[in-house]
Amino acid sequence: MNISKTLRGRTATAVSLTAVLALAATGCGDDGSSSGTEGSGKGEITFWDNNGGPRTAIWTEIIKDFEKKNPDIKVKYVPIPIADVQSKYDTAIAGGGLPDVGGVGTAYLANIVSQEALEPISDRLEKSELKGKLVEGMVESVRAAAGRGDDMYTVPTSANNGALWYRTDLFEAAKLDAPTTWPKFYEAADKLTDAKNNKFGYTIRGGAGSIAQALDAIYGQTGITEFWDGDKTTLNDPKNVAALEKYAALFKKTTPAADVNNDFTKMVAQWDTGTIGMLSHNLGSYQDHLKALGEDKFAGIPAPIGEGGTRVQVSNPVDGLGLFRSSKNKNAAWKFIEFAASHESNSKWNKSAGAIPANTEAAKDPWINETEPTALAAKALTDGSTKIVDLPYYLPDWNNISKADNEPEFQKLLLGKVTAKDFLDKMADELNAAQKEWTELGNG
């Protein structure tokens, strides 16, 4: 979850230059960089949920609780689909219409910070009841991902973790061991597949969000624990190329053909129909599986262990709440952030999502251990058994490279139109160039 110290001590040179270029491109208008005002602490504020739909019900409940406690403040809730959130922020920064408060994950935090759209919140946090009540690892992650040294631009609310969900009833019927290692994973994917009867061992993510899942699979298999080797990425290491070839070969052999277009909502819904053996997704889909299958038919475990005996996974984004610089009522907006990150609300939200709370008091609540997948994930992240490959969230171009630029390329890989080596070489070249530019501008 932590990003190495060599990536922490950054100057604002790169992000400042990016902001200047953004301003020059957009010209006049409310681009989000205006200072806004503190406001009266009353009236209406707008909140953008960065995972609108799956999290709408729990946010509606938290907003209702907040408005009951703060009758002079009304919260306008706007659900933004997770696949659209960065483009929505970029569009609003360029043309106006940013919210007062928004959900911001570390995967795209640097991009928004570089455009000067978020208010630094370190001073507010120092005077807040939240001081000393946030998990330090998550605090460090949002600091590092912003790329502004010790400045914080979001209040962390949760950390997710990848899980391998598997159908315990199907595994028992096939007399298969739990997929705790990569060899057992591949064995199960093969043995649980009966394509003629529409039964498959695995569902692979080919649509939006596919890159992170693929990176998890290749680094998990090879055991490579560093994303950078000097100034070059390890992404296209020959071992990773071989691992991706093996992983991508599952498509249409032990997975449904529809997987090439599936984002997480379609993938989860497909798995919950009950005809697929395994699914790689984070803890957030636990409640969906519980409703669809019942607690006795599935289980969720951390990433499989590699043949070398070590579990390796890529870092998962830390979610948080950001205060936007252009807000005309920062006092009211900050009250909402404090309330949402408080013990009761943070526990309520993370229990609903099946995620790991950022509030230290919420992280001690009994439900953490009552939900086995969450308990296992929390243990894996804290007991030293898991090696984390820290992804370069601090690069302003990271989200574009890992999503818009290469998700279509991953689909080509699945369809056999490009090789695993070509795919990884392309992405590696883009990352190496972004890292070089970022370093030359005085960072690192």
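The structure we're discussing is the one just above.
Worth saying up front: this structure is predicted, and the values here are computed from it rather than measured.

(A) Spotlight on the overall build of the protein chain. Scanning the protein chain from N- to C-terminus turns up 19 helices and 14 strands. Taken over the C-alpha trace, the protein chain has a radius of gyration of 22 Å; the compact-globule value for 444 residues is 22 Å, and the two agree within 12%. If you line up the protein chain on its principal axes, its C-alpha atoms span 65 × 50 × 35 Å. The buried share among the 444 residues of the protein chain stands at 54%. With the model as given, the accessible surface of the protein chain reaches about 18,600 Å², and the carbon-plus-sulfur share is 51%. Across the protein chain, the mean location of the 48 positive side-chain charges is 2 Å away from that of the 59 negative side-chain charges.

(B) Local environment of the sheet that holds strand β10 (residues 299-301). Across the sheet, four strands lie side by side as β6-β9-β5-β10; this open sheet has mixed pairing. Because the sheet does not close on itself, it has two edges, and the strands there are β6 (200-203) and β10. Averaged over all adjacent pairs, the angle separating strand axes in this sheet is 20°, with direction ignored. In terms of strand pairing, β6 meets strand β9 (residues 276-282) through three bridges, oriented parallel. Bridge pairing in β9 links F200 to I276. Packing against the sheet, helix α8 (residues 182-191) makes contact with β5 (162-166), β6 and β9, and its axis sits at approximately 125° to β6.

(C) Unusual backbone geometry, seen in detail. Even without glycine at this site, K175 takes up a positive phi of about 55°. One non-glycine residue, N198, lies in the positive phi region at around 60°. In this structure, N198 sits in the loop between α8 and β6.

(D) Layout of the pairing of strand β4 (residues 155-159). Counting buried residues along β4, five of its five residues qualify, which places the element largely inside the surrounding structure. Note that β4 and strand β12 (residues 318-323) share four bridges and pair antiparallel. The partner of P156 across the bridge, within β12, is G320. Taken together, the two bridges between β4 and strand β13 (residues 356-357) define a ladder with antiparallel strand orientation. Residue pairing across strands places A159 opposite I356, the latter belonging to β13.

(E) Fine view of the environment of T60. For T60, the position within the fold is in helix α2 (residues 56-69). Between the C-alpha atoms of T60 and A242, which are 182 residues apart in sequence, the distance is 46 Å. At a separation of 2.7 Å, a polar atom in the side chain of T60 contacts the main-chain carbonyl oxygen of T56.

(F) Layout of a negative patch on the surface. A contiguous patch of negative charge, built from D397, D405, E437 and E440, is present on the exposed surface. When you line up the elements, E440 lands in helix α19 (residues 420-440).

(G) Expanded view of the packing of aromatic side chains. What the rule picks out here adds up to 26 aromatic pairs. Ring centres of F185 and Y186 lie 5.1 Å apart, and the angle between their planes is 80°; this geometry places the pair in the edge-to-face category. Take F185 and Y186: they sit in the same class, and that class is buried. For the ring pair F185 and Y202, a centre distance of 5.0 Å and an interplane angle of 85° mean the geometry is edge-to-face. Taken together, the positions of F185 in helix α8 and Y202 in strand β6 put the pair 17 residues apart, joining distant regions of the chain. For F185, a relative accessible area of 1% translates into the label buried. Three or more aromatic residues joined by ring pairs form one cluster here, namely F47, W59, F66, Y77, F336, F339 and W349.

(H) The arrangement of the sheet that holds strand β3 (residues 101-105) in detail. The strand order across the open sheet formed by six strands is β2-β1-β3-β12-β4-β13, and the pairing between neighbours is mixed. Both edges of this open sheet fall to β2 (73-79) and β13, since each of them pairs with a single strand only. Against the sheet, helix α4 (residues 106-114) touches β3 and β12, its axis set at about 120° to β3.

(I) Representation of the side chain of T254 in the model. Here T254 lies in the loop between α10 (238-248) and α11 (264-271). Its relative accessible area of 3% is what places T254 among the buried residues. The contact partners of T254, leaving out residues within four places of it in the chain, are A189, D190, T193, F200, G201 and Y202.

Criteria and cut-off values
- Residues numbered from 1 in each chain as written.
- Predicted model: local features only at pLDDT ≥ 70, side-chain atom pairs only at ≥ 80, totals over all residues.
- Heavy atoms only, no water.
- Helix = DSSP H or I, 4+ residues; strand = E, 2+ residues; numbered from the N terminus.
- Rg over C-alpha atoms; globule rule 2.2 N^0.38 Å.
- Buried < 20%, exposed > 50% of the residue type's maximum accessible area, 1.4 Å probe, protein only.
- Areas by Shrake-Rupley, 256 points an atom, 1.4 Å probe, with all protein chains shown as cover.
- Lys, Arg positive; Asp, Glu negative; His and termini not counted.
- Charge placed at Lys NZ, Arg CZ, Asp CG, Glu CD.
- Pairing = 2+ DSSP bridges.
- Axes fitted to C-alpha atoms, helices over the stretch in contact; angles between N-to-C directions.
- Contact = heavy atoms within 4.5 Å.
- Polar contact = N/O pair within 3.5 Å; in protein donor to acceptor, adjacent residues only side chain to side chain.
- Patch = residues over 30% accessible without salt bridge, like charges linked within 9 Å, V, L, I, M, F, W, Y side chains within 5 Å.
- Salt bridge = Lys/Arg side-chain N within 4 Å of Asp/Glu carboxyl O.
- Phe/Tyr/Trp six-rings, centres within 6.5 Å; stacked < 30°, edge-to-face > 60°.

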